[in-house]
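# A structural walkthrough
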Amino acid sequence: MTVPANKAATLSVGDTAPEFSLPASGGQTVSLSGLKGVPVVLFFYPRDDTSGCTKEAVGFTTALPEFEASGVTVLGCSKDTVAKHDKFVAKHDLRVTLLSDADGSTCEDYGVWAEKQMYGKTHMGIVRTTFLIDAEGRIAQVWRKVKVPGHVDTVLDAVKQLGA
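The present account deals with the structure reproduced in this document. Just so it is clear, the structure is predicted and the values come from calculations on it, not from any experiment.

## Details of the overall build of the protein
Looking only at helices and strands, the protein features five helices and nine strands. When the elements of the protein are put in sequence order from the N terminus, they spell out α-β-β-β-α-β-α-β-α-β-β-β-β-α. Here the C-alpha atoms of the protein give a radius of gyration of 15 Å, agreeing with the 15 Å that 2.2 N^0.38 yields for 164 residues. Here the C-alpha coordinates of the protein stretch approximately 40 × 35 × 30 Å along the principal axes. The burial tally for the protein puts 47% of its 164 residues in the buried class. Pairs at least 24 residues apart make up 65% of the contacts formed inside the protein by residues separated by at least 6 positions. Of the accessible surface of the protein, which amounts to about 8,000 Å², a share of 52% is contributed by carbon and sulfur atoms.

## Concerning the packing of aromatic side chains
Within this structure, the stated rule accounts for eight aromatic pairs. Between the aromatic rings of Phe 43 and Tyr 45, the centroid separation amounts to 5.8 Å while the plane-to-plane angle is 35°, which identifies the pairing as tilted. Each member of the pair, Phe 43 as well as Tyr 45, is classed as buried. Taking 5.0 Å as the distance between ring centres and 65° as the angle between the ring planes, the aromatic pair formed by Tyr 110 and Phe 131 counts as edge-to-face. Taken as a pair, Tyr 110 in the loop between α4 (105-109) and β6 (113-118) and Phe 131 in strand β8 (residues 129-133) lie far apart in primary sequence, 21 residues in all. What makes Phe 131 buried here is its relative accessible area of 1%.

## Re the side chain of Glu 56
As for its position among the elements, Glu 56 is in helix α2 (residues 51-69). Sequence-distant contacts of Glu 56, that is, excluding residues within four places in its chain, are made with Phe 43, Tyr 45, Arg 128, Thr 130, Val 146, Val 148, His 151 and Val 152.

## Some details on the sheet that holds strand β5 (residues 97-100)
With mixed pairing, the five strands of this open sheet are ordered in space as β5-β4-β3-β8-β9. If you trace the sheet from one side to the other, it starts and ends with β5 and β9 (139-143), each paired once. Across this sheet, the average inter-strand angle for adjacent strands is 20°, counted without regard to direction. Sheet analysis places β8 next to β9, joined by four bridges and oriented antiparallel. The residue bridging Thr 130 from the neighbouring strand is Trp 143, located in β9. Packed on one face of the sheet, helix α5 (residues 151-162) meets β3 (40-44), β8 and β9 and runs near 165° to β9.

## A closer look at the environment of His 92
Turning to its location among the elements, His 92 is positioned in helix α3 (residues 82-92). Under the relative-accessibility criterion, His 92 is labelled partly exposed at 25%. Not counting chain neighbours up to four residues away, the residues in contact with His 92 comprise Asp 49, Thr 54 and Val 58.

## Side note on the side chain of Asp 101
Considering the arrangement of structural elements, one finds Asp 101 in the loop between β5 and α4. One buried charged side chain, Asp 101, makes no salt bridge at all; its nearest oppositely charged neighbour is Lys 79, positioned 6.8 Å away. Of note is the side chain of Asp 101, whose polar atom sits 3.3 Å from the backbone nitrogen of Ser 105. Asp 101 has contacts with Leu 22, Cys 77, Ser 78, Lys 79, Asp 80, Thr 106 and Cys 107, leaving out every residue within four places of it along the chain.

## Some points on the environment of Leu 42
Position of Leu 42 among the secondary structure elements: in strand β3. We classify Leu 42 as buried; its relative accessible area is 0%. Spatially, the C-alpha atom of Leu 42 lies 7.2 Å from that of Cys 77, the residues being 35 residues apart in sequence. Not counting the four nearest positions on each side in its chain, Leu 42 is found in contact with Phe 20, Leu 75, Cys 77, Leu 99, Tyr 110, Thr 129, Thr 130, Phe 131 and Ile 133.

Criteria and thresholds
Residues numbered from 1 in each chain as written. Predicted model: local features only at pLDDT ≥ 70, side-chain atom pairs only at ≥ 80, totals over all residues. Heavy atoms only, no water. Helix = DSSP H or I, 4+ residues; strand = E, 2+ residues; numbered from the N terminus. Rg over C-alpha atoms; globule rule 2.2 N^0.38 Å. Buried < 20%, exposed > 50% of the residue type's maximum accessible area, 1.4 Å probe, protein only. Contact = heavy atoms within 4.5 Å. Areas by Shrake-Rupley, 256 points an atom, 1.4 Å probe, with all protein chains shown as cover. Phe/Tyr/Trp six-rings, centres within 6.5 Å; stacked < 30°, edge-to-face > 60°. Pairing = 2+ DSSP bridges. Axes fitted to C-alpha atoms, helices over the stretch in contact; angles between N-to-C directions. Lys, Arg positive; Asp, Glu negative; His and termini not counted. Salt bridge = Lys/Arg side-chain N within 4 Å of Asp/Glu carboxyl O. Polar contact = N/O pair within 3.5 Å; in protein donor to acceptor, adjacent residues only side chain to side chain.

Laid out in structure tokens, this is it:
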């Protein structure tokens, strides 16, 4: 899979969010165009059932009533299969919808598929990133290289400031 030259840096506030239509947990298909008129929090995470990813998904699930009260849809996205997402959802009682970008095209469109380093080794993977997309489909805020502790609260504060 070819990697765009730092495409993440090219997506910024005010840009139109790239369209996607992806299979999701629970057997549904979700597209950004199908959510037109609704603000969306789209968080990309590396892999189901890992420590940080579990904490992030559980955090968004815990805060989901507050996001919903603001009229915001919360979606998580990784390259895991729908079957793996469904197991992850069941194991941790998650209520956020998880999108399966198995071919990585949406990750590339959003610029989150990039070179990463862990324990001195370089590999390709999803860089934990969150996008707040407004009701018109424009990027309202971006958080790159997310650290999980406190992140959900930061996103919720931004949603409230957006007046969603």
